[in-house]
Amino acid sequence: MQDLLTIMRRLRAPDGCPWDQEQTHESLRPYLLEEAAEASDAAGGGDPAALSDELGDVLLQVAFHSVIAEEAGTFDYAAVERGVVEKLVRRHPHVFGEVNVQNSADVMRNWQEIKAQERGGQPRRAEDRVPAGLGALAREAKTQKLAGVPKGAEAAARAAVAQAAAQAPDTAAGVADVLAAVVAWARSAGVDPELALRDRSLATLRALPDQGSEP
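Residues numbered from 1 in each chain as written. Predicted model: local features only at pLDDT ≥ 70, side-chain atom pairs only at ≥ 80, totals over all residues. Heavy atoms only, no water.

A short note on the packing of aromatic side chains
Scanning the model with the defined rule gives two aromatic pairs in all. Aromatic pair tryptophan 19 and tyrosine 31: ring centres 5.7 Å apart, planes at 85 degrees, arrangement edge-to-face. In this pair, tryptophan 19 sits in helix α2 (residues 18-22) while tyrosine 31 sits in helix α3 (residues 29-43), placing the two residues twelve residues apart along the sequence. Take tryptophan 19: its relative accessible area is 40%, and that puts it in the partly exposed class. (Phe/Tyr/Trp six-rings, centres within 6.5 Å; stacked < 30°, edge-to-face > 60°. Helix = DSSP H or I, 4+ residues; strand = E, 2+ residues; numbered from the N terminus. Buried < 20%, exposed > 50% of the residue type's maximum accessible area, 1.4 Å probe, protein only.)

Observations concerning the confidence of the model for the protein
Confidence along the protein averages 91 in pLDDT terms, with 98% of residues attaining 70 or more. Looking over the protein, one finds the lowest element-wise mean pLDDT in helix α8 (residues 126-129), namely 74, and the highest in helix α1 (residues 2-12), namely 98. (pLDDT = per-residue confidence, 0-100.)

Digging into the pattern of salt bridges
This model, assessed by the stated rule, comprises eight salt bridges. The shortest N-O distance in the salt bridge between aspartate 15 and arginine 10 comes to 3.2 Å. Of the charged contacts, one joins arginine 91 and glutamate 118 as a salt bridge, the two residues approaching to 2.6 Å between their closest N and O atoms. Highlighted residues: arginine 91 in the loop between α5 (77-90) and α6 (93-96) and glutamate 118 in helix α7 (residues 104-118), separated in sequence by 27 residues. The exposure class of arginine 91 is buried, given its relative accessible area of 10%. Overlapping salt bridges bring together Arg90, Arg91 and Glu118 as one network. (Salt bridge = Lys/Arg side-chain N within 4 Å of Asp/Glu carboxyl O.)

As for the layout of surface pockets
Approximately 630 Å³ is the volume attributed to the largest pocket. Arg129, Ala141, Lys142, Lys145 and Leu146 are, among the 19 residues lining the largest pocket, the residues nearest its centre. Those elements that provide at least two residues to the lining of the largest pocket are α7 and α9 (136-146). For the lining of the largest pocket, the leading source of residues is α9, giving five residues. In terms of residue class, the lining of the largest pocket is made up of eight nonpolar, two polar and nine charged. There is about 310 Å³ of room inside the second largest pocket. Every residue lining the second largest pocket is counted, 14 residues in all, and those nearest its centre are Ala37, Gly133, Leu134, Gly135 and Arg198. Breaking the lining of the second largest pocket down by element, the ones donating at least two residues are α3 and α12 (193-207). It is α3 that provides the largest number of residues to the lining of the second largest pocket, a total of six residues. (1 Å grid on protein atoms, 1.4 Å probe; cavity = no way out; pocket = protein on both sides within 12 Å on 5 of 7 lines; lining within 4 Å. Points joined across faces, edges and corners; volume = space filled by probe spheres on them. Nonpolar A, V, L, I, M, F, W, Y, C, P; charged D, E, K, R; others polar.)

Written out as structure tokens, the structure is:
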């Protein structure tokens, strides 16, 4: 990690790389999302070498942001690392403390309580609990969960999709209603809609013939 940070500092130096020098936390946002998405694809692809490579690209983004912050005097990589280590220990009192749990449901309940304590008991706005950078299907699934929308039975959820498709107008709002119904159906079936569609798209892309450069 120190080698990576040293390289990033060199790239950001006055005699380094012009492109790297120009980057900011804001300008790097698309790359952070893209690298995380590619790592997610690799995690489901069954190729350990590809996953290792993509995780390296994610780590590069961590180093990049850390060096930018280091230059600004706001935080550095050591703070990032220390923060996540302390968080993991704090949120696992059943491992590093004396708390007893029976199952993963107890773990998640404790996790949420500890997160609330970290905020001083202050509630979070719903929109802050669902990252805007998530894929739309994943964001809708989390939104439904936060809104208390029950998963429901698979047959009823499937019927709701058909009804929504039959009644929806050919507008953005109509399409959104149908997609929301599809997400509800996926939740009832225990399927992650974001990953399901990503996997399908990836399979389709892999089946397409290779093409030359665009004119």
